[in-house]
Number of protein chains: 2
Amino acid sequence: MTNPYHPHNHRHCIEDALQEARSLCKDKGARLTPLREKVLELVWQSHSPIGAYDILAELGRLEERSAQPPTVYRALDFLMEHGLIHRLSSLNAFIGCSHPSEQHNSCFLICEKCHVAQEIEHPSIDASLKDCAQSQGFKIIDSSIELTGLCPNCVGANQE
Amino acid sequence: MTNPYHPHNHRHCIEDALQEARSLCKDKGARLTPLREKVLELVWQSHSPIGAYDILAELGRLEERSAQPPTVYRALDFLMEHGLIHRLSSLNAFIGCSHPSEQHNSCFLICEKCHVAQEIEHPSIDASLKDCAQSQGFKIIDSSIELTGLCPNCVGANQE
DNA sequence: CAAAATACGTTATATTGTAACAATTATGAA
DNA sequence: TTCATAATTGTTACAATATAACGTATTTTG
Ligand SMILES: [Zn+2]
Ligand SMILES: [Zn+2]
Ligand SMILES: [Zn+2]
Ligand SMILES: [Zn+2]
């Protein structure tokens, strides 16, 4: 998996994500329409979360007739339902899922400076959360784990 | 600490929270004005998160001249700055902090059915998050950990 | 007291997200 | 194919959450 903090040919990230999405949707009989695919591509345009209205603006730049909010939100809903993107509630923004084919609870490290959000997977986090919830008799249905701070690239850099 | 899922005299929760807030603010030289205290009291009116506009409505019911959004948001900002309340970004809502005098990362169990949100603290969660971030070279500044599901009270109850 | 800082009031507006219904397109059975 | 149905998208209007900007009042400090 590509490290989002290092320079890399990001077209590969996009192409891989689109390819995997097509494959997953085909398997599930879900219709990844051109609009939905376009929105997914825009979400993947960087490793930073993007807002719904930014996606809307990008769509507007591309098409002659500009789309309306429900169009974008519906596409985002579809993509979330099928695990292709995640919503970061602390930012009201969306980001591509780095491993949509595996069932997982998402956990993000969000850099305050460069805005890269890395999805991490660490069994110990899942385990400790599950333990803790279980000890309270709480049944987890969904989780939102978002850690904000400084990524390895930015933690050393002097604040300007 | 009172268990929010069990029936209890909630006035005690409110009074304790207000008392501790007064004491903490006094120590820090922070001004817990009547307005800020009133908002804190409204946040503590239950163990469920409350939205800013619900607080606004409550204020409107109580005072003759109804307050405006900035008034409420400023009070909420103050209360957050001093660790007296937390914001649950997955709900766009606010809840009283159960242990404002201790430095901590908040972690919430939010019941989808009864809407009670319990703040939990478990060293193993903090440890695993810190470990995980550290292994990536990421410096955590703030965390938002919100687990949604069914609380012990509701997990057994039949869905109506 | 006067000056400065802080808090609050007020108006307007930005940002994010949905409800409702119409038009279109894809799907699948007859 | 052809019609009926379901799914998707378009469109309008609006709800819900949050903030900018500026003026007024209050508190603090010298
Ligand atoms: Zn990339
Ligand atoms: Zn960074
Ligand atoms: Zn209580
Ligand atoms: Zn419950």
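The structure reproduced in this document is the subject of the present report. This one's a predicted model, so the numbers in the text were calculated from it and none came from an experiment.

In the neighbourhood of DNA strand C, 16 residues make up the surrounding shell, with Tyr53, Tyr73 and Arg87 of chain A together with Thr33 and Arg74 of chain B lying closest. Sugar plus phosphate, as a fraction of atoms of DNA strand C within 4 Å of the protein: 49%. In the model, a phosphate oxygen of DNA strand C is placed 2.5 Å from a nitrogen or oxygen of the Thr33 of chain B side chain. Listed by contribution, the elements that provide at least two residues to the surface near DNA strand C are helix 4 (69-81) of chain A together with helix 2 (34-43) and helix 4 (69-81) of chain B.

To continue, consider the packing of aromatic side chains. Under the criterion given, the structure shown has two aromatic pairs over all chains. The ring of Phe78 of chain A carries Arg36 of chain A above its face, with NZ or CZ at 3.9 Å from the centroid.

Right, let's talk about the coordination of the zinc ion (ligand 1) for a bit. All names here are of chain A. Protein coordination at the zinc ion (ligand 1) comes from His8 (NE2), His10 (ND1), Cys13 (SG) and His47 (NE2), with a distance range of 2.0 to 2.3 Å. Between consecutive donors of the zinc ion (ligand 1), the numbers of intervening residues give the motif H-x1-H-x2-C-x33-H. Taken together, the residues span a long stretch of sequence, with His10 in helix 1 (residues 10-28) and His47 in the loop between helix 2 (34-43) and helix 3 (52-62) at a distance of 37 residues. When sorted by exposure, His10 lands in the same class as His47, which is buried.

Once that is clear, we can look at the protein's contact with DNA strand D. Lining the immediate environment of DNA strand D, one finds 16 residues, of which Thr33 and Arg74 of chain A together with Tyr53, Tyr73 and Arg87 of chain B sit closest. With respect to DNA strand D, the side chain of Arg74 of chain A contributes an N or O atom lying 2.6 Å from a base nitrogen. Contacts to DNA strand D include Tyr73 of chain B, whose side-chain N or O atom sits 2.8 Å from a phosphate oxygen. Elements with a contribution of two residues or more to the surface near DNA strand D: helix 2 and helix 4 of chain A together with helix 4 of chain B.

On to the relation of the copies chain A and chain B, then. Mapping chain A onto chain B leaves a residual RMSD of 0.1 Å; the transformation is a rotation of 180 degrees accompanied by 0.0 Å of translation along its axis. Both copies of the chain, as the preceding transformation shows, are related through a two-fold rotation axis. Among all C-alpha atoms of chain A, that of Ile145 of chain A lies closest to the rotation axis, at 2.3 Å. Taken as a fraction of all interface residues of chain A, those also at the interface in chain B reach 100%, which identifies the copy contact as same-surface.

Calculation rules
Residues numbered from 1 in each chain as written. Chains lettered and ligands numbered in written order. Predicted model: local features only at pLDDT ≥ 70, side-chain atom pairs only at ≥ 80, totals over all residues. Heavy atoms only, no water. Near = heavy atom within 4 Å. Polar contact = N/O pair within 3.5 Å; in protein donor to acceptor, adjacent residues only side chain to side chain. Helix = DSSP H or I, 4+ residues; strand = E, 2+ residues; numbered from the N terminus. Phe/Tyr/Trp six-rings, centres within 6.5 Å; stacked < 30°, edge-to-face > 60°. Lys NZ or Arg CZ within 6 Å of the ring centre and 35° of its normal. Donors = N, O, S within 2.8 Å, 3.2 Å for Na, K, Ca; no water. Buried < 20%, exposed > 50% of the residue type's maximum accessible area, 1.4 Å probe, protein only. Least-squares fit on C-alpha atoms with pLDDT ≥ 70 in both. Contact = heavy atoms within 4.5 Å.

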